Each structure stands twice: as C-alpha cells, then as structure tokens.
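Structure assessment
Listed here are the chains, written in short residue letters.
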Amino acid sequence: MNKNMKVKWIEGILVSFLAVLFSISTSAQVSQYSAVTDERLRNPEEGNWLMFRRTYDGQGYSPLDQINVDNVGTLAPAWTLSTSLTEGHQSPPIVNNGIMYITTPLNHVLALEDETGDVLWGCSLRMRGG
C-alpha cells in the first residue's frame, strides 16, 4: 500500500469514527460532548486531542505544561483498561472535553472518562461489504 493509499485509508477510518460519534451525541452519558468542527480541528483547545497526532500539521505537540523535565521521572499510570483483546490496538485515542474515545481491533468503540478510565458506553461497528 503506497503512502497516498494509507493516508486515504486513515482519513476514511477517522471520518467513519467521527460519524459514529456525531450519531450518538444525544446520549445522556455524553453530555460533555462538543461537536467537532473544522475550526476545532484546525485549532483544538489545549486539553483536547481531536484527531491523529492532534493537529493537521501532524506534529503531535501538546501545549499542556503539567509534565516537564523536572517531574517526568515521577509519573505513574493514573488508570489502565483491558479490552480483553490480544490483537494490537493501532488506532490512537481521541479526546473531546474529558471523554476519551478508543477503538478496538474487532470494530468496537468505547467512550471513557479520561480522568478515571470509567467506561461510559461502548458499541460495535458493523463493517459494510464492498
């Protein structure tokens, strides 16, 4: 698969993923959900990670400053989550206003409280043949 095909494939996955998020935004459990707009994708708020590598330029830079050279050695996991799948989880998480969205190798989407790791909801995506 050449680079252009990979980029198109990743874009397709992200568009599909965001479409699922938009379709469930009326759920009471996602009251913190804010619509992902073109403007927010161009200039995401500090605590949000709305797409792969955070911004269109793909630098993966976070403007948050809680972690620095003085305290990085003292970091410890805040929480962990097992999806009970042994296949690699290759899709990066997306964070929108305190809710982390992850996908699993078997086409499940999970919404988690980003500070606690508590599962808010989960659903299974059905892939359409083509």
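Refer to the structure printed above.
Residues numbered from 1 in each chain as written. Predicted model: local features only at pLDDT ≥ 70, side-chain atom pairs only at ≥ 80, totals over all residues. Heavy atoms only, no water.

Looking at the sheet that holds strand S1 (residues 94-96)
For clarity, the threshold we go by: Pairing between strands requires that DSSP locate at least two bridges from one strand to the other. Where helices and strands are cited, they refer to DSSP runs of H or I of at least four residues and of E of at least two residues respectively, numbered from the N terminus. Fitted lines through C-alpha atoms give the axes, limited to the stretch in contact for helices. The angle between two N-to-C directions lies from 0 to 180 degrees.
Taken in spatial order, the 4 strands make up an open sheet running S1-S2-S3-S4, and their pairing is antiparallel. Each edge of the sheet is formed by a strand with only one pairing partner; in this case those strands are S1 and strand S4 (119-124). Across the sheet, the mean angle from the axis of one strand to that of its neighbour is 20°, orientation sign disregarded.

Side note on a nonpolar patch on the surface
Cut-off, in case you're wondering: Residues form patches when they are more than 30% accessible in relative terms and have no salt bridge. Like charges link within 9 Å. Nonpolar side chains (Val, Leu, Ile, Met, Phe, Trp, Tyr) link within 5 Å. Here the Shrake-Rupley method, with its probe set to 1.4 Å, supplies the accessible areas, and only the displayed protein chains count as covering residues. What counts as a salt bridge is simple: a side-chain nitrogen of Lys or Arg found within 4 Å of a carboxyl oxygen of Asp or Glu. Relative accessible area decides the class of each residue, using a 1.4 Å probe on protein chains only: under 20% of the type maximum gives buried, over 50% gives exposed, and in between gives partly exposed.
A cluster of nonpolar side chains, namely Ile 67, Val 72 and Leu 75, defines an oily patch on the protein surface of about 280 Å² accessible area. Turning to its location among the elements, Ile 67 is positioned in the loop between helix H2 (38-42) and S1. A residue is classified by how much of its surface remains accessible, and Ile 67, at 52% relative accessible area, is exposed.

Some remarks on the packing of aromatic side chains
Quick reminder of the rule: Only Phe, Tyr and Trp rings take part, Trp by its six-membered ring, and two of them pair if their centres are within 6.5 Å. Stacked means planes under 30 degrees apart, edge-to-face means over 60, and tilted covers everything else.
Following the criterion strictly, the structure yields 1 aromatic pair and no others. Relative to Trp 121, the ring of Tyr 101 has its centre 6.1 Å away and its plane inclined at 50°; by these criteria the two rings are tilted. Taken together, the residues Tyr 101 in strand S2 (residues 99-103) and Trp 121 in strand S4 connect sequence positions 20 residues apart. Of the residues examined, Tyr 101 reaches a relative accessible area of 1% and is grouped as buried.

Remarks on the pairing of strand S3 (residues 108-113)
When you tally the buried positions in S3, you get 5 out of 6 residues, the bulk of the element. Judged from the 5 bridges that link them, S2 and S3 form a sheet pairing that is antiparallel. Within S3, the position partnered with Ile 102 by the bridge is Leu 110. Hairpin geometry of S2 and S3 is characterised by an intervening segment of 4 residues between the two adjacent antiparallel strands and by a positive phi of about 65° at Asn 107. Bridge count for S3 against S4 is 5 bridges, and the pairing is antiparallel. Each bridged residue has a counterpart across the sheet, and for Leu 112 the counterpart in S4 is Val 119. The hairpin turn running from S3 into S4, its antiparallel successor, is 5 residues long, and Gly 117 in that turn takes a positive phi close to 80°.

Some details on unusual backbone geometry
The phi dihedral of Arg 53 falls on the positive side, at around 60°, and the residue is not glycine. Mapping Arg 53 onto the fold places it in the loop between H2 and S1. Positive phi, normally seen in glycine, also occurs at Arg 54, with a value near 75°. Relative to the elements of secondary structure, Arg 54 occurs in the loop between H2 and S1.

Honestly, it's all geometry; don't read function into it.
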